[in-house]
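Architecture and fold: a report
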Amino acid sequence: MMGDNPSSFTSLTDSKLYDQISPGRRRVDGPLASSSTTSPSLRKSPLRTFNTPRSPQKPITIFDQVVTWFNAEIEVRKRLAGLVCGYFATLSYIITVSLLKITLWAPFSSVRDSLTWWIYPSSWLSIIFIQVISSAISFSHIQQFFKVTQLHRIPITDVHGWAGASLEFVHRLIFLYTAFTVSDCSFRKDFGWIAISFSAAISSAIVIFRSDFHLRFSEIQVTSLKTLIAFTKSLPIDHLFETCGFEAAMSFFSGMALILLIGPVVWGFSAWWLIISVPFTIILFGVNFIQHATAKIFVKTVNQIVMKPMAFPFPPSYSVHSPTPEQTRTLPKVIETADPLLRIFALYDLRTIAWTDTARRAEVFSLSQPGKHPRNWKSVSTPCVNMLDELRSKMTVAAARLVGYTWDDHDAESEAVPPREALMMPRKMREMTYRGAGQSRQQRNIAPIRTLNTQTIGILGKISRFIGHTTEKLVISRYDAQMNAYAAEALYMLVVDSLEEDRYGVVQKDLVDLIILLCKLITAIDTYERAKAVITLCIFIIVRMVNDQVAEDETTKKKLRGFE
């Protein structure tokens, strides 16, 4: 299925099979031509030294300059996002101190102090300190975790994840200790501080390993107060509060468990009074809830700032001998770049052109001068077609891996029976249909996939399946799925808009090929979904039969015991 695995294939065999299934996307890496010069033989002399020839440096191309410019722009955005997240952390610090200053035994006398403490200059030093350290740690998290190819959840075995959790824990300790010191909280001096620190450690690990740091475009871009209100209304507030409450409850109960189990050993049985202390329980749950709410705001803010869409121009219809740097950052150049973040920015811009930007969409349907060639259309449609063709091949390989094909999956030389029809055949009929010359080349490559699917699972694999820590093998990553979605939407809308805006018929010439490709892609996805449904149904039936057999054995044993 489509998912979060950054690698597109689950084995080297699948990659080789994919290269044969999609002949249009094969890369032919020819041998590099090398020239050697001969020189007369030199006498060996102890005074003579020979310098090893240096490998020639790769020249800097226009593509490298565009990537360098883009990375510089993204770096500026990340720094801005770190400052803004530090500002929100400072606001949460002010709110935390204000809540800590409110006393349940004297609420009215403490309200004034809780609302005005931050106005006095004596409190500004702690606020500035929290602002600086929060901005620095936020920027560190952005650099480390926020990627366009990030997994949905950071694995629990990731060393960098634990380093980030440790850094977050240190930040949280400084945050809480400063807040407790400024508010003169009494729980800073007894076992309550140990419980709060332990709860902060659990909360920091939850923030790192349960947050989705995947960079994505927001549906509503905040550019004014009106869009900010619309963005706030679009957020699932109920779901966010529910998630923050659940995660805060996990940290809260971990702190309570520490008090109940470790408190009497370290502090004596007097530590148990914290369990029934209403102010302590409110403070313990409140500081954890604020931390998780700040983490959710942190993720939303970074996506809003870093993933602000960019508009890339098209090259002019005439040739330019000395283009400016701005003229080199065109959409046809960036759409095929190797940088994953720049590429998804380019595809999102192409999708925007296809849906809303009428002025730039006219340039897609224009012809070059001189020559009258549809260069803009070819330069943006070809990468999209190649990506969709890759997706079709991957889905076909995935369907073959699910059912363990023994037939020629997608032979480029012979397509007598489509893959979908062959998949629905019984196994014996499929073997009879594809028993011949068509098996000679591709069936040998499919055989390792079938062997991998039917191999005996080791004891470690059985234990991991029993525990539930299995890593699902995925067809394409979340990043590839998003890119293919943008490419499909862009091609679809450009074809629709070409019916009225394409004056030269540049799209109509490729319309048949586009329709065939999309139909093949739909067929491949449908074939994979059917194969997955069949496998799921078979597993359900097997589990049901095993459960029935176990229940029958238990009934038989009870009857035998009754006879005895």
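Since we're looking at a predicted model, the values are computed, not measured.

Looking now at helix 4 (residues 124-145). An α-helix turns once per 3.6 residues; consequently, residues spaced three or four apart project the same way. Between the first and last C-alpha of helix 4 there are 31 Å, a value that for 22 residues agrees with the 32 Å anticipated at 1.5 Å per step. Those residues of helix 4 not exposed but buried are Ser126, Ile127, Ile130, Ile133, Ser134, Ser135, Ile137, Ser138, His141, Ile142 and Phe145. The inward-facing, buried residues of helix 4 contact helix 2 (62-101), helix 5 (159-183), helix 6 (191-210) and helix 10 (278-306).

So, on to the nonpolar core. Grouped together as the largest cluster of nonpolar side chains are 70 residues, with contacts concentrated most on Val302, Leu331, Ile344 and Phe345. Three or more residues apiece are contributed to this core by two domains, here domain 1 (62-307) and domain 2 (324-403 + 469-563). With residues near it in sequence (within four places) discarded, Ile344 still touches Val148, Phe217, Tyr479, Gln482, Met483 and Tyr486. Grouped together as the second largest cluster of nonpolar side chains are 28 residues, Tyr93, Leu176, Ile196 and Ile259 included.

Looking now at the pattern of salt bridges. Enumeration over the complete set of coordinates arrives at 12 salt bridges. With its nearest N and O atoms 3.0 Å apart, the salt bridge here joins Lys296 to Glu247. Of this pair, Lys296 sits in helix 10 while Glu247 sits in helix 8 (residues 237-261), and the two are 49 residues apart along the sequence. One network of salt bridges, in which partners are shared, links Arg210, Glu247 and Lys296.

Judged by side-chain polarity, Ile194, Leu260, Leu261, Ile262, Val265, Val266, Trp267, Phe269, Trp272, Trp273, Ile275 and Ile276 come together as a nonpolar surface patch covering roughly 1,300 Å² of accessible area. Of all the secondary-structure elements, those providing two or more residues to the nonpolar patch are helix 8 and helix 9 (263-266). Within the secondary structure, Ile194 is located in helix 6.

Its identity is not glycine, yet Asp184 carries a phi of approximately 55 degrees, on the positive side. Summarising the element assignment, Asp184 is placed in the loop between helix 5 and helix 6. In this structure Asp184 comes out as exposed when scored by relative accessible area, which is 61%.

So, on to the packing of helix 6 against helix 10. Running from amino to carboxyl end, helix 6 crosses helix 10 at an angle of 25 degrees, the nearest separation of the two axes being 10 Å. With respect to their mutual orientation, helix 6 and helix 10 come out roughly parallel. The handedness of the crossing between helix 6 and helix 10 is right-handed. Counted together, Gly192, Ala195, Ile196, Ser199, Ala200, Ser203, Ser204, Ile206 and Val207 of helix 6 and Phe280, Ile283, Leu284, Asn288, Gln291, His292 and Ala295 of helix 10 form the full contact between these two elements. Its residues assigned to classes, the contact of helix 6 with helix 10 comprises 9 nonpolar, 7 polar and no charged.

About the cut-offs
- Residues numbered from 1 in each chain as written.
- Predicted model: local features only at pLDDT ≥ 70, side-chain atom pairs only at ≥ 80, totals over all residues.
- Heavy atoms only, no water.
- Helix = DSSP H or I, 4+ residues; strand = E, 2+ residues; numbered from the N terminus.
- Expected span 1.5 Å × (residues − 1).
- Buried < 20%, exposed > 50% of the residue type's maximum accessible area, 1.4 Å probe, protein only.
- Contact = heavy atoms within 4.5 Å.
- Core = buried A, V, L, I, M, F, W, Y, C linked by side-chain atoms within 4.5 Å.
- Domains from an automatic or database assignment.
- Salt bridge = Lys/Arg side-chain N within 4 Å of Asp/Glu carboxyl O.
- Patch = residues over 30% accessible without salt bridge, like charges linked within 9 Å, V, L, I, M, F, W, Y side chains within 5 Å.
- Areas by Shrake-Rupley, 256 points an atom, 1.4 Å probe, with all protein chains shown as cover.
- Axes fitted to C-alpha atoms, helices over the stretch in contact; angles between N-to-C directions.
- Parallel < 35°, antiparallel > 145°, perpendicular 65-115°, else oblique.
- Left-handed = near helix turned anticlockwise from the far one by under 90°.
- Nonpolar A, V, L, I, M, F, W, Y, C, P; charged D, E, K, R; others polar.

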